[in-house]
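# Descriptive structure summary
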Amino acid sequence: MAISYLSMPEDKVIITVAQTGALVNKKLNPNVPEQPAEIAQSAFDCFNEGAAIVHIHARNPDGSTTGSAEIFADIHARIQKKCNLILQDSTGGGSNLTIEQRTECLEARPEMASLNMGTLIRTIGDAAGTPFSNTRAEIERFVTRMNRFNVKPEMEIYNVTMLQEANLLLQKKLIQKPFSLTLILGMAYQGAQEADPMFLPTYLQYIPEEAYFSVLGVGKAQTNLGSMGMILGGNVRVGMEDNIYYKRGELAKSNAQLVARMVRIARELGKEPCSPYEARQFLGLRPVD
């Protein structure tokens, strides 16, 4: 297989931690951080274990999902007081948010933000049967707003066809190099490509040039697919947004616990986790103090 995407150096990997999400809550795992103070402390703990990027979802005081720029800004400020993690906000939100509400977080000026690359139908849960709308026109609206706030898109790919949408954005020169993609496997709630490891090399055949990729395996696939992604020259995302268990029948004690395990695996593979400073260099982000 000819490689056209950007491989990480053999001795480096960027680790993203997705701590909260729109669906998981303390009823599912009491250790999920929901409010700004606990999200910030969890992020700092993950930074100390080797994470370079924190993927952020925000919650209202009652625990419901929100796109509030004010709450995102509060989370940002609390994290920035503790460390220099790359701030990556979610524009996915939840089924309770409109398109406009999903992009409000950009007003809080994150360095990166998720860009979901196609429409899916939610398949399970209370919102089963409702669309997770990301039409081509909506995607371009998201990108236009991200560009206005100088936010780098993190293109989230739920199935192989979404790579076509990514390539269209690049052809229109709406996104600047180097590109950032997250390859998602096993997100049953949104009907993503199943968590079969054979789909990962299929993804890689269609990744655009000048793109770094990160692997997101959901549930029990998180560790195995993340390890496979690193071996193939990519980065990895872990965290309780995607997996609330440490192992079968044992809830994760913290997001930092999941980061620490992936760092141990990376080091066994001869890789050292990038600092936020190094990750910014790879991803073309401005340095920060």
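Up top is the structure.
Within any chain, residue numbers begin from 1 and follow the written order of that chain's sequence. pLDDT decides what is reported in this predicted model: residues at 70 or higher carry local features, side-chain atom pairs at 80 or more are listed and counted, and totals for whole chains, interfaces and linings draw on all residues regardless. Neither water nor hydrogens contribute to the side-chain values; these are computed over all heavy atoms in the structure.

## Regarding the pattern of salt bridges
Should the charged atoms of two oppositely charged side chains come close, the side chains can pair. Here is the rule: Salt-bridge detection follows one rule: a side-chain nitrogen of Lys or Arg within 4 Å of a carboxyl oxygen of Asp or Glu. Buried means the residue's accessible area, taken with a 1.4 Å probe over protein chains only, is under 20% of the maximum for its type, while exposed means over 50%, and partly exposed covers the values in between.
Counted by the stated rule, this structure contains 14 salt bridges. When the shortest N-O distance is used, the salt bridge between Arg237 and Asp242 registers 2.9 Å. With a relative accessible area of 3%, Arg237 lands in the buried category. Given a relative accessible area of 5%, Asp242 falls into the buried group. The partner of Arg267 in a salt bridge is Glu272, with the nearest N and O atoms 2.6 Å apart. Under the relative-accessibility criterion, Arg267 is labelled partly exposed at 47%. Overall, the relative accessible area of 34% leaves Glu272 in the partly exposed class. Each of Glu156, Arg237, Glu241 and Asp242 takes part in one network of salt bridges that share partners.

## Let's talk about the environment of Ala58
Heads up, the rule is: Note on conventions: DSSP H or I runs of at least 4 residues are helices, E runs of at least 2 residues are strands, and numbering of each starts at the N terminus. In what follows, residue pairs with any heavy atoms lying within 4.5 Å of each other are defined as contacts.
Locating Ala58 in the fold gives a position in strand E4 (residues 58-59). In this structure the C-alpha to C-alpha distance between Ala58 and Ser90, which are 32 residues apart in sequence, comes to 8.6 Å. Residue contacts for Ala58: discarding those within four places in its chain leaves Ser64, Thr65, Thr66, Ile71, Phe72 and Ile75.

## As for helix H5 (residues 162-171)
How we decide: Throughout, the arc means that of the directions going from the helix axis to the C-beta atoms.
Of the positions making up H5, those classed as buried are Met162, Leu163, Glu165, Ala166, Leu169 and Leu170. In an axial view of H5, the angular spread of the buried residues amounts to 155 degrees, which keeps them on one side of the axis. Every exposed residue of H5 that faces more than 90 degrees away from the buried side is listed here: Gln164 and Gln171. Looking one or two residues past H5, Lys173 carries a phi angle of roughly 60 degrees, positive in sign.

## Describing the pairing of strand E13 (residues 235-238)
Rules: Strand pairing is assigned whenever DSSP identifies at least 2 bridges connecting the two strands. Handedness of a crossover is defined as follows: orient the strands so they point away from the viewer, and if the path from the first strand over the helix to the second runs clockwise, the crossover is right-handed.
The alternating pattern of E13 places Asn235 and Arg237 and Val236 and Val238 on opposite faces, both of which are buried. As judged from the two bridges shared by strand E12 (residues 211-217) and E13, these two strands associate in the parallel manner. The partner of Ser214 across the bridge, within E13, is Asn235. Considered for its hand, the β-α-β crossover made up of E12, helix H7 (residues 221-231) and E13 is right-handed.

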